[in-house]
Structure formats: structure tokens, C-alpha cells
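Structural overview for review
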Amino acid sequence: MEAQTMTGLTEGVPTGTGLAVPDITGQVLAGQVLGGQAAAGGVMAQQAPVLPSSLWVYLSATPLFWLTATLVVWLLASAVARRAKGHPMVNPVLISVIVIGLGLTLGGVAYPAYFEGAQFIHFLLGPATVALAVPLVRQIRLVIANLLPMLVALAAGSITAVLSVLALGRLFDFPDALTVSMAPKSSTAGVAMAISKGLGGDPGLTAVFVILTGITGAVVVTGLMNRMRITDYAARGFAAGLASHGIGTARAFQVDPVAGLFAGIAMALNALVTALIVPLFL
Amino acid sequence: MIQGITWLLGFQLVGEALSYAAGGQVPGPVIGLALLTLFLLTTRGVPAAASMEQSTGKVADGLLANLGILFVPAGVGIIQHLDLVMSMGLSILAAILVSTVVTLVVTVWAFTFAKYLEQKWKRKP
């Protein structure tokens, strides 16, 4: 399912712009170097001192900078999350997205330029999906023992995820295109965007709803499950993965390996079921 | 480490190839996941596969323990649509919050209730 996330998101990322970025910054850089040269009175034209701002323009256009920045921000966010003893409100994905988003906005860097570097991390979604086989094989007996509950929860959860959006859309008076774009929000991004596109929704908007749903689920799931007194990590994880796909699965792995595994299974199954049922309801 | 990464990418590659051949209905990584699961299950306990199992396990554990970072690049993409979300106001966020909470509750309730019934039937055949 995550490969579609990849292809799906590259749709959102204008790939041509990525190639144009070095050209634009090259011109800007040249302009600033010339400015520095003028200030220095034209002496040592080729060796003009590199201004911090031109350094920023140079670095912020390299994939290396945004790749490193993403890793550093993630490590800091994880450290903060550990300090908070894994408190659900201190979600490392949410913190990283806010910090990097602010950095890009303040630094005047366009998303495609950021993605040039971050794509190397994004790419790992595919192998990470394949990697789910390892905990699956380790816990194969537990998975088989929970087969019936999983199927029942899958049917109930997938239908609820879609129907609740339709009901809320009517309640809040959403335009039809908005409701369609939101209906597949609990499935993984690539699949959700494909469903939305096929039914006349806006895939870009769907991607935003998918991310917001993932973060919402990851933040609320622990408190909700504790309040409901659910102690079965298979059940908790399955709900997290079904309602909030990969970001919920990441949260589940943060809490417990069994929860993480069942979240991963739920994410995969819900992607398939959502694709089947959304067209039935719309 | 390199061995483990190679196995994961290899299974994804085979998955992508089969996905393409089958018309792209099921994503390649999901087919790769199914194939690796079958492979690991059938080679379990075979001495010749021990090193592959160990290296793949190490990389897989590392990736899954840090799964969150893989969603950061896509998550940051929200900034492209921020004005749109803002302009549509709180009703969007409210709808997402309510729908997500209801889905979590119904799913976990269905799961535990089905498990409860199943165990009850097993005790009284």
C-alpha cells in the first residue's frame, strides 16, 4: 500500500519544479554574490565574501540539507517524546511536521525543494511495508488466533470510517466534493488519493485529510483505549492501524510490538476494503 | 545491514514486478510483504537461511521502530494546502476528529466483542 503512497505523493509534488530549483537559486545566488561584490567596491570580484544569506540560499537548495534537517528534527522530536515518557500528545511525527513546516515557511523554501532531500526517507515506506513480514512471522500464532476478531473489526471499522464522514458531512453542510475527498481518509495516502480522484474528489485535499487523520488517531488512541479499559494490545493496535493507517501504526510500534504488528495488518486490510466500499456508499 | 536491506528491496522489487504484471490492483510492497512472509515461514529453522533471517530481522526491526520518520516528508506536504484547510475552518478538523474517534471505538469494540463471543463458544461446544 505504501508504494502507492509514494507514487501518489509524487503527483502532489510537481517533479519538474524540483529540477528547476537549482536554476532559480543559481540566479539568486549570482545576484547576491554580485551585491556583495558591489559592497566590497568591486575588488576581488571572483572571491567575494559569501554572505550568510547566500549560504542559506545555497544550502537550502541542496538535497543534503533537507535530508539532514529531517533526520536531526526527528531525533530531537523523539528525544522530547522519550522525555515525556511517550505521552501521546507529544507525538514525534506531529512535532517534526510543525518544526520543518515552520522552517520552510520562514526560510521561504518551497515544498518541492524540501522533498528533493526528504524523498530518500520517503522512499523507505516501501521496504518498511515489506519489513512487516518479520514481526508477522514471529507472531504468526497470535495472528491466526485473532483471525475472526480481525475480520469482524475490519468490516465494522472500515464501514464506520466511511459512513461517519458521510453523516458528518451532511451535518456540517459540506459540499459533495469535500465529503468525497474526506471519505477514504482512514486508508493509506496513495490508496485514498486514488479513490478520491476516481469519484471526483480532490486528491491533494485527500492527502491533507489522510495526514490529519493519522496524526489525530495517533494522538487520541492511547487515552481512548485506556479509558475504555482495553488491555488487549492486538485489539488496540488493530484499531489504531485501521482508523489512522501508517501514522497510527507508527504510534502503535512506539507503544508495543504486538500493537504495532496488528496495526500494520489493519492498515493493509483497510486500504483494500476502503477501495471496495467507498464507491458503494457514494 | 546491507544484506538485510538487499533482501527487503529485493522482495519489494519482485512485488512491484508482479503488481505491474497483474495490472497494479495490489501495490507492489504489499505483494512483497506476502512473499517475504511465505519465504520466512517456509525457511524457518533451515540452517542455510539463518543468516538471511537474522540480517532481514535486524533491518526490519530498525525500520519499524522508527516508522514515524517515514511519514514526515509526506506530512510536511500539508503546508502546500494550509490556506485551504484554514479557510474551510474548524468544521473540517471537527469532522476528522469525531470520525476518527468513532472509528477507533467501533473497531476496538467489534474486535474485543468478537473475541469474547469466540472464546465463549469454544468453552461450550
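Residues numbered from 1 in each chain as written. Chains lettered and ligands numbered in written order. Predicted model: local features only at pLDDT ≥ 70, side-chain atom pairs only at ≥ 80, totals over all residues.

1. A closer look at the overall build of chain B
A count of helical and extended segments in chain B gives six helices and zero strands. In terms of overall dimensions, chain B is more spread out than a globule: its C-alpha atoms have a radius of gyration of 21 Å, far above the 14 Å expected for 125 residues. Along the longest, intermediate and shortest principal axes, the C-alpha atoms of chain B span 60 × 55 × 30 Å. Here chain B, with 125 residues, has 39% of them falling under the buried criterion. Of the contacts formed within chain B by residues at least 6 apart in sequence, a portion of 44% connects residues at least 24 apart. (Helix = DSSP H or I, 4+ residues; strand = E, 2+ residues; numbered from the N terminus. Rg over C-alpha atoms; globule rule 2.2 N^0.38 Å. Buried ≥ 20, exposed ≤ 12 C-beta atoms within 10 Å, placed from the backbone. Contact = placed C-beta atoms within 7 Å.)

2. What to know about the environment of A:Ala79
Residue and element names in this part refer to chain A. Checked against the element boundaries, Ala 79 lands in helix H4 (residues 63-83). We classify Ala 79 as exposed; it has 11 C-beta atoms within 10 Å. Through-space distance from the C-alpha of Ala 79 to that of Arg 170 is 42 Å; in sequence the pair is 91 residues apart.

3. Some words on the interface of chain A and chain B
The interface of chain A with chain B comprises 88 residues on the first partner and 61 residues on the second. Per-class residue counts for the side of chain A that touches chain B are 59 nonpolar, 25 polar and four charged. (Nonpolar A, V, L, I, M, F, W, Y, C, P; charged D, E, K, R; others polar.)

4. Remarks on the nonpolar core
A:Ala131, A:Ala133, A:Phe238 and A:Ala239 are the most contacted members of the largest nonpolar core, which totals 117 residues. Ranked by residues supplied to this core, first place goes to helix H13 (residues 203-227) of chain A with 14 residues. (Core = buried A, V, L, I, M, F, W, Y, C linked by C-beta atoms within 7 Å.)

5. Examining H4(A)
Taking 1.5 Å per residue, 21 residues should reach 30 Å; H4(A) reaches 30 Å between its end C-alpha atoms and fits that length. A:Trp66, A:Ala69, A:Thr70, A:Val73, A:Trp74, A:Ala77 and A:Ala81 are the residues of H4(A) that are buried. End-on view of H4(A): buried residues confined to an arc of 130°, all on one side of the axis. Exposed and facing more than 90 degrees away from the buried side of H4(A) are A:Leu64, A:Val72, A:Ala79, A:Arg82 and A:Arg83. Looking at the buried positions of H4(A), the neighbouring elements they touch are helix H5 (92-107) and helix H6 (111-122) of chain A together with helix H4 (72-76) of chain B. Immediately beyond the C-terminal end of H4(A), within one or two residues, lies A:Lys85, with a positive phi of roughly 55°. (Expected span 1.5 Å × (residues − 1). Arc of directions from axis to C-beta.)

6. Some words on the confidence of the model for chain B
This prediction gives chain B a mean pLDDT of 91; 99% of its residues lie at or above 70. In the predicted assembly, ipTM is 0.90 and pTM is 0.81. (pLDDT = per-residue confidence, 0-100.)

7. Quick word on the domain arrangement of chain B
What the domain assignment lists for chain B is domain 1 (1-65) and domain 2 (79-125). Computed over C-alpha atoms, the centres of domain 1 of chain B and domain 2 of chain B are 30 Å apart. (Domains from an automatic or database assignment.)

8. Remarks on unusual backbone geometry
Most peptide bonds are trans, and most residues other than glycine sit at a negative phi. Residue and element names in this part refer to chain A. Positive phi is not limited to glycine here, since Lys 85 has a value of about 55°. One can find Lys 85 in the loop between H4 and H5. Owing to 7 C-beta atoms within 10 Å, Lys 85 belongs among the exposed residues under this scheme. At Asp 173, a residue that is not glycine, the phi angle is positive and equals roughly 60°. When you line up the elements, Asp 173 lands in the loop between helix H10 (147-171) and helix H11 (176-182). On the basis of neighbour counts, which here come to 8 C-beta atoms within 10 Å, the residue Asp 173 falls in the exposed class.

9. Section: the environment of B:Ile96
Position of B:Ile96 relative to the elements: it lies in helix H6 (residues 90-123). Note on B:Ile96: 23 C-beta atoms within 10 Å, which makes it buried. Separated by 29 residues in the primary sequence, B:Ile96 and B:Leu67 have C-alpha atoms spaced 23 Å apart. Aside from chain neighbours lying at most four places away, what touches B:Ile96 is A:Lys185, A:Phe209, A:Leu212, A:Thr213 and A:Thr216.

10. Re the packing of H4(A) against H6(A)
Two measures define how a pair of helices packs: the angle their axes make with one another and the distance between the axes. Residues and elements named next belong to chain A. Running from amino to carboxyl end, H4 crosses H6 at an angle of 55°, the nearest separation of the two axes being 7 Å. What the angle tells us is that H4 and H6 run oblique. As for the relative orientation of H4 and H6, their crossing is right-handed in sense. Facing H4, whose interface residues are Pro 63, Leu 64, Phe 65, Trp 66, Leu 67 and Thr 70, H6 presents Tyr 114, Glu 116, Gly 117, Ala 118, Phe 120 and Ile 121. (Axes fitted to C-alpha atoms, helices over the stretch in contact; angles between N-to-C directions. Parallel < 35°, antiparallel > 145°, perpendicular 65-115°, else oblique. Left-handed = near helix turned anticlockwise from the far one by under 90°.)

11. Some remarks on the packing of H13(A) against H6(B)
Contact geometry for H13(A) and H6(B): axes closest at 9 Å, N-to-C directions at 50°. In terms of axis orientation, H13(A) runs oblique to H6(B). Regarding H13(A) and H6(B), the two cross each other, and that crossing is right-handed. Here A:Phe209, A:Leu212, A:Thr213, A:Thr216, A:Gly217, A:Val220, A:Val221, A:Leu224 and A:Met225 of H13(A) lie close against H6(B), whose contacting residues are B:Ile96, B:Leu97, B:Thr100, B:Val101, B:Leu104, B:Val105 and B:Val108. Its residues placed into classes, the contact of H13(A) with H6(B) shows 12 nonpolar, four polar and no charged.

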